[in-house]
Amino acid sequence: MNQAFDVVELATTYANKSAQDILKLAFSQFGDDLWISFSGAEDVVLVDMAWKLNKNVKVFSLDTGRLHPETYRFIEQVRDFYKIDIELISPDQSKLEPFVKEKGLFSFYKDGHGECCGVRKIEPLRRKLSGVNAWATGQRRDQSPGTRSQVAALEIDTAFSTPERTLYKFNPLAQMTSEEVWGYIRMLELPYNSLHERGFISIGCEPCTRPVLPNQHEREGRWWWEEATQKECGLHAGNIISKA
């Protein structure tokens, strides 16, 4: 990494830059050490842009064990489309099994999604990011007005940095809208999750995701039984922490 890396200054400079420009910055600083987080429609756009800049791009996805079959097929479609590896990160069974034994498979409907996401998403992600210097996500500001309206082009990941290691986080698609994402996908005929054809917009684990009705915001299809300003699974906990 280039040691002259002022995150605050660069975040301001790149606030209105294109997604490609932000990715070019990320690769210029971290090269093949940059990892792309992949799961949804935004992320295939991110992967496409990154792959066109660096054919050795590294991609990972969290396999919670509760994804829709269509999502697993989508991951394989993308793997085949770009001829890249997508590293699947699974929950630690020594933590998952006691949790399921004690709480069952649907405790989140009663006591919130935090604990389940902690075991199935946060711990695996923390484990992955413990050996990573920088990652890029498909977060967009219009995805969740309650938690993502201030997403920066790049930032220090306060949720997963440690006293010994600073983790840098890039959000190249922060400025893009849902319409722009889908315009990009259709124009280039990129693969996408077939659930989108059935009214699903924001897609996570099967029990916590449902289609949305006309004129509903996409985030209303996630954790619909919970208060809107808490609709983060913890992968981007800083979005909530920063507003506390």
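Thresholds, definitions, all that
- Residues numbered from 1 in each chain as written.
- Predicted model: local features only at pLDDT ≥ 70, side-chain atom pairs only at ≥ 80, totals over all residues.
- Heavy atoms only, no water.
- Core = buried A, V, L, I, M, F, W, Y, C linked by side-chain atoms within 4.5 Å.
- Buried < 20%, exposed > 50% of the residue type's maximum accessible area, 1.4 Å probe, protein only.
- Helix = DSSP H or I, 4+ residues; strand = E, 2+ residues; numbered from the N terminus.
- Contact = heavy atoms within 4.5 Å.
- Polar contact = N/O pair within 3.5 Å; in protein donor to acceptor, adjacent residues only side chain to side chain.
- Pairing = 2+ DSSP bridges.
- UniProt positions renumbered as here; feature names shortened; annotations may be inferred.
- 1 Å grid on protein atoms, 1.4 Å probe; cavity = no way out; pocket = protein on both sides within 12 Å on 5 of 7 lines; lining within 4 Å.
- Axes fitted to C-alpha atoms, helices over the stretch in contact; angles between N-to-C directions.
- Parallel < 35°, antiparallel > 145°, perpendicular 65-115°, else oblique.
- Left-handed = near helix turned anticlockwise from the far one by under 90°.
- Nonpolar A, V, L, I, M, F, W, Y, C, P; charged D, E, K, R; others polar.
- Points joined across faces, edges and corners; volume = space filled by probe spheres on them.

### What about the nonpolar core?
Formed by 43 residues in total, the largest nonpolar core has its most connected members in L34, I36, F38, V44, L154 and F170. The set of elements that each furnish at least two residues to this core consists of α1 (7-13), α2 (19-30), β1 (34-37), α3 (41-53), α4 (69-82), β4 (134-136), β6 (168-170) and α8 (178-188). If we ignore the near neighbours within four places in the chain, the residues touching L34 are A26, F27, K58, A134, W135, A136 and F170. Residues W35, I89, L125 and L167 belong to the second largest nonpolar core, which totals 12 residues.

### Overview of the environment of L173
Mapped onto the fold, L173 is located in the loop between β6 and α8. On a C-alpha basis, the gap between L173 and K17 in space is 10.0 Å, while along the polypeptide they are 156 residues apart. If we skip the residues at most four places from it in the chain, L173 touches A19, E42, V45, L46, M49, G138, Q139 and R140.

### Quick notes on unusual backbone geometry
At K83, a position not held by glycine, the phi torsion is positive, near 55°. Here K83 is to be found in the loop between α4 and β3 (86-89). Even without being a glycine, E189 presents a positive backbone phi close to 55°. Of note, E189 is situated in the loop between α8 and α9 (238-241).

### Thoughts on the side chain of R165
By the element assignment, R165 lies in the loop between β5 (154-156) and β6. Side-chain polar atoms of R165 contact the backbone oxygen of S130, separated by 3.4 Å.

### Remarks on the pairing of β1
Strand residues, when the strand is regular, have side chains that alternate between the two faces of the sheet. What you see with β1 is no split at all: L34 and I36 on one side and W35 and S37 on the other are buried throughout. Of the strand pairs in this sheet, β1 and β4 are connected by three bridges, and their pairing is parallel. Bridging across to β4, I36 finds its partner in A136. As paired strands, β1 and strand β2 (residues 58-62) are joined by three bridges and run parallel to one another. Each residue of the ladder has a partner; that of W35, found in β2, is K58.

### Considerations on the UniProt feature "binding site: [4Fe-4S] cluster" (unreviewed entry) in the protein chain
Listed under "binding site: [4Fe-4S] cluster" (unreviewed entry) in the UniProt record, and renumbered for this structure, are C116, C117, C205 and C208. In three dimensions, the annotated residues from a span of 93 residues occupy one location, with a maximal C-alpha spread of 10.9 Å. Residues from the annotated list that form part of the lining of the second largest cavity: C116, C117, C205 and C208. With respect to the secondary-structure elements, C116 resides in helix α7 (residues 114-129). Leave out the neighbours within four places in its chain, and C116 touches F99, F108 and K121. Tracing the sequence through the fold places C205 in the loop between α8 and α9. If we skip the residues at most four places from it in the chain, C205 touches T64, R66, L67, H68 and K121.

### Regarding the packing of α3 against α8
Following both chains from N to C, one finds α3 and α8 inclined at 60°, their axes separated by 9 Å at the closest point. By the angle class used here, α3 and α8 are oblique. Seen along the crossing, α3 lies across α8 with a hand that is left-handed. Where α3 approaches α8, its residues A41, E42, V44, V45, D48, M49 and K52 are matched on the opposing element by V181, W182, Y184, I185 and L188. Residue composition of the contact of α3 with α8, by class: nine nonpolar, no polar and three charged.

### A closer look at empty space enclosed by the protein
Summed over all chains, the structure comprises two cavities of 30 Å³ or more. By volume, the second largest cavity amounts to about 100 Å³. Taken together, R66, F108, H113, C116, C117, R120, K121, C205, P207, C208 and W223 form the lining of the second largest cavity. Broken down by element, the residue count for the lining of the second largest cavity peaks at four residues, all from α7.

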